[in-house]
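# Reading the structure
The primary structure of each chain is shown beneath.
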Amino acid sequence: MPRPIQAHIDLSALKNNLRVARRHTSSRIMAVIKANAYGHGLLRIAGALEDAEGIALLDIQDAIKLRDAGNRQTILLLEGFFAAEDLPLIAEYDLATVIHSSRQLDWLDAYPRKNALQVWLKINSGMNRLGFMPQEIPAVMERLKSHRAVREVTLMTHFSHADEAAGVSSQLEAFSGLTSVYRAPRSMANSAALLRYPSTHGEWVRPGIMLYGASPFADVSAQQLGLQAVMTLSSEIISVREIRAGEHIGYAGLFRAERSMRIGTVACGYADGYPRHAPTGTPVLVNGQRAQTLGRVSMDMLGVDLSDVKDAQIGSRVTLWGEGMPVEEVARAAGTISYELLCALTARVPVRY
Ligand SMILES: *Cc1c(COP(=O)(O)O)cnc(C)c1O
């Protein structure tokens, strides 16, 4: 038998979450499947997102894999191309590509094929990560509109605070002011903006995290949004023991018992993608009941408090996150975000669909 850990991927939850997105917008949906579909498996997730009008990712080889598997949606390369030699492939496989830098524009200028490319022009409206500065846009647009290789230009930007109180207003204002003079499709919204700011929807929305069933907001739960967890990471208790007051658990004795207690060891550790920095008290489910981690997470194991889970024994099922244990809650306890936990799942964890 293999180790009992597994990630179960619920594709019907994914489809439910896509319907939730659909209920919030009439725009076309570009489902974001970067980072191996946020850790859920690129091909299986893309296959279940056939109702989305497009999919977005980073790696051209992944995009080609999807085309070879028969995918016919719009496929967008979110960081565009990384060398001039990518352009013939982008054309051949009919991919859409972000252009965010003048280096990419120069490569484009050297590319001869006519009407071959759909370009998403990325505008830096305040995030200061990728994109042209607002004052560069008129000249870049002129260059693209008259470019022999470019078939269509979509204008895009990305929000830095859509999930927080600061919101989108200053970036939305900058982007709208700049782009209103062009007759081009527009795309701004990530999950948070899709759910909270209809004025950002434009022609294309770009949800990621919500499709996987996690809330982008700290103050609204996935359940409140009607989202269902797609990934459930589970394992089993492989050891149970009683310890006395004063004894400690795991490396560095980070947890020290104040009373005698019943503890369990779970076959899941940081080499599976469980965060090593999750402190004592991070929530888990044991036999469907809430319990807490104890001590430092090891490479292959972690400790849990079984004091309140009377029926727990060797072989009891443990849910690290997913159904019944929101990944956002685990992330918050571990000082990170759901995105990082989901895409940190490691290759040794068997994934079942
Ligand atoms: C990752 C990403 C998204 C999706 O963001 P979520 O917060 O996961 O919805 C959208 N647009 C761009 C450019 C991205 O990089």
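Residues numbered from 1 in each chain as written. Predicted model: local features only at pLDDT ≥ 70, side-chain atom pairs only at ≥ 80, totals over all residues. Heavy atoms only, no water.

### Some details on the state of the cysteines
Basically, it comes down to this: The rule for a disulfide is simple: a pair of cysteine sulfur atoms within 2.5 Å. Note on exposure labels: buried denotes an accessible area under 20% of the residue type's maximum, exposed denotes more than 50%, and partly exposed covers the range between, all computed with a 1.4 Å probe on protein chains only.
The full count for this structure, using the stated rule, is zero disulfides. Cysteine 343 provides the cysteine sulfur closest to cysteine 268, a residue in no disulfide bond, and the two sulfurs are 16 Å apart. Given a relative accessible area of 38%, cysteine 343 falls into the partly exposed group.

### Things to note about the packing of aromatic side chains
Going by this rule: Stacked, edge-to-face and tilted labels apply to pairs of Phe, Tyr and Trp rings (six-membered ring for Trp) whose centres lie within 6.5 Å, assigned for plane angles under 30 degrees, over 60, and everything in between, in that order. Helix and strand definitions follow DSSP, with helices as H or I runs of at least four residues and strands as E runs of at least two, each counted in order from the N terminus.
Under the criterion given, the structure shown has five aromatic pairs. A centroid spacing of 6.1 Å and a plane angle of 50° characterise the contact between phenylalanine 81 and tryptophan 107, whose relative ring orientation is tilted. With a gap of 26 residues between them, phenylalanine 81 in the loop between strand 4 (74-77) and helix 5 (86-92) and tryptophan 107 in helix 6 (residues 102-109) connect regions that are remote in the sequence. The residues phenylalanine 81 and tryptophan 107 share a single accessibility class, namely buried. Plain terms: the ring middles of tryptophan 120 and tryptophan 204 are 5.7 Å apart, the flat faces sit at 55° to each other, and that makes the pair tilted. A residue pair is termed long-range when its members are at least 10 positions apart, and tryptophan 120 in strand 6 (residues 117-122) and tryptophan 204 in strand 9 (residues 204-205) qualify at 84 residues. Across the pair, tryptophan 204 and tryptophan 120 agree in class, each one buried.

### Let's talk about the domain arrangement of the protein chain
Our working definition: Domain ranges listed in this record stem from an automatic or a database domain assignment. Contacts were defined at the residue level, with two residues in contact if any of their heavy atoms lie within 4.5 Å. A quick way to say it: buried area is the sum, across both parts, of accessible area lost when two parts are put together, with a 1.4 Å probe. Here, a salt bridge means any Lys or Arg side-chain nitrogen found within 4 Å of an Asp or Glu carboxyl oxygen. For this analysis, a polar contact is any N or O atom pair within 3.5 Å, provided that within protein one partner can donate a hydrogen and the other can accept it, and provided that sequence-adjacent residues contribute only side-chain to side-chain pairs.
For the protein chain, the assigned domains read domain 1 (11-212) and domain 2 (231-352). Each partner contributes to the interface: domain 1 provides six residues, whereas domain 2 provides six residues. Together, the buried faces of domain 1 and domain 2 total about 550 Å²; carbon and sulfur atoms form 70% of this surface. Considering only the surface of domain 1 that becomes buried against domain 2, Tyr38, His40 and Ile209 emerge as the three largest contributors, covering 70% of it. Our enumeration of links across domain 1 and domain 2 arrives at zero salt bridges. There are zero residue pairs in polar contact (both at pLDDT 80 or more) connecting domain 1 and domain 2.

### Digging into the site of the ligand
To be explicit about the condition: Here a residue is considered near a molecule or strand provided that any single heavy atom belonging to it is located within 4 Å of it. Here the accessible surface of atoms and residues is derived via Shrake-Rupley with a 1.4 Å probe, and residues count as covered only by protein chains that are part of the display. Throughout this entry, Asp, Glu, Lys and Arg are counted as charged residues, while Ala, Val, Leu, Ile, Met, Phe, Trp, Tyr, Cys and Pro are counted as nonpolar. The remaining residues, Gly among them, count as polar.
The ligand sits among 13 residues. The nearest are Lys34, Tyr38, Ser191, Ile209 and Tyr339. Here an oxygen atom of the ligand sits 2.9 Å away from a polar atom, N or O, in the main chain of glycine 208. Here an oxygen atom of the ligand and a backbone polar atom of isoleucine 209 are 2.8 Å apart. Summarising the interface, the protein chains cover 92% of the accessible area of the ligand, which totals 380 Å² for the free molecule. Across the shell around the ligand, the residue classes break down as six nonpolar, four polar and three charged.

### Describing the nonpolar core
Selection criterion: Buried Ala, Val, Leu, Ile, Met, Phe, Trp, Tyr and Cys residues form a nonpolar core when they are joined through side-chain atoms within 4.5 Å.
Membership of the largest hydrophobic core comes to 116 residues, with the highest contact counts inside it found for Ile33, Leu117, Tyr274 and Trp321. For this core, the leading source of residues is helix 1 (residues 11-24), giving five residues. Split by domain, this core shows at least three residues from each of two domains, domain 1 (11-212) and domain 2 (231-352). In this structure tryptophan 321 touches Met231, Thr232, Leu233, Gly273, Tyr274, Pro275, Val327, Val330, Leu341 and Leu342, once residues within four positions along its chain are discounted. If you look at the next biggest cluster of nonpolar residues, it comprises seven residues, including Ile243, Ala257, Met261 and Leu294.

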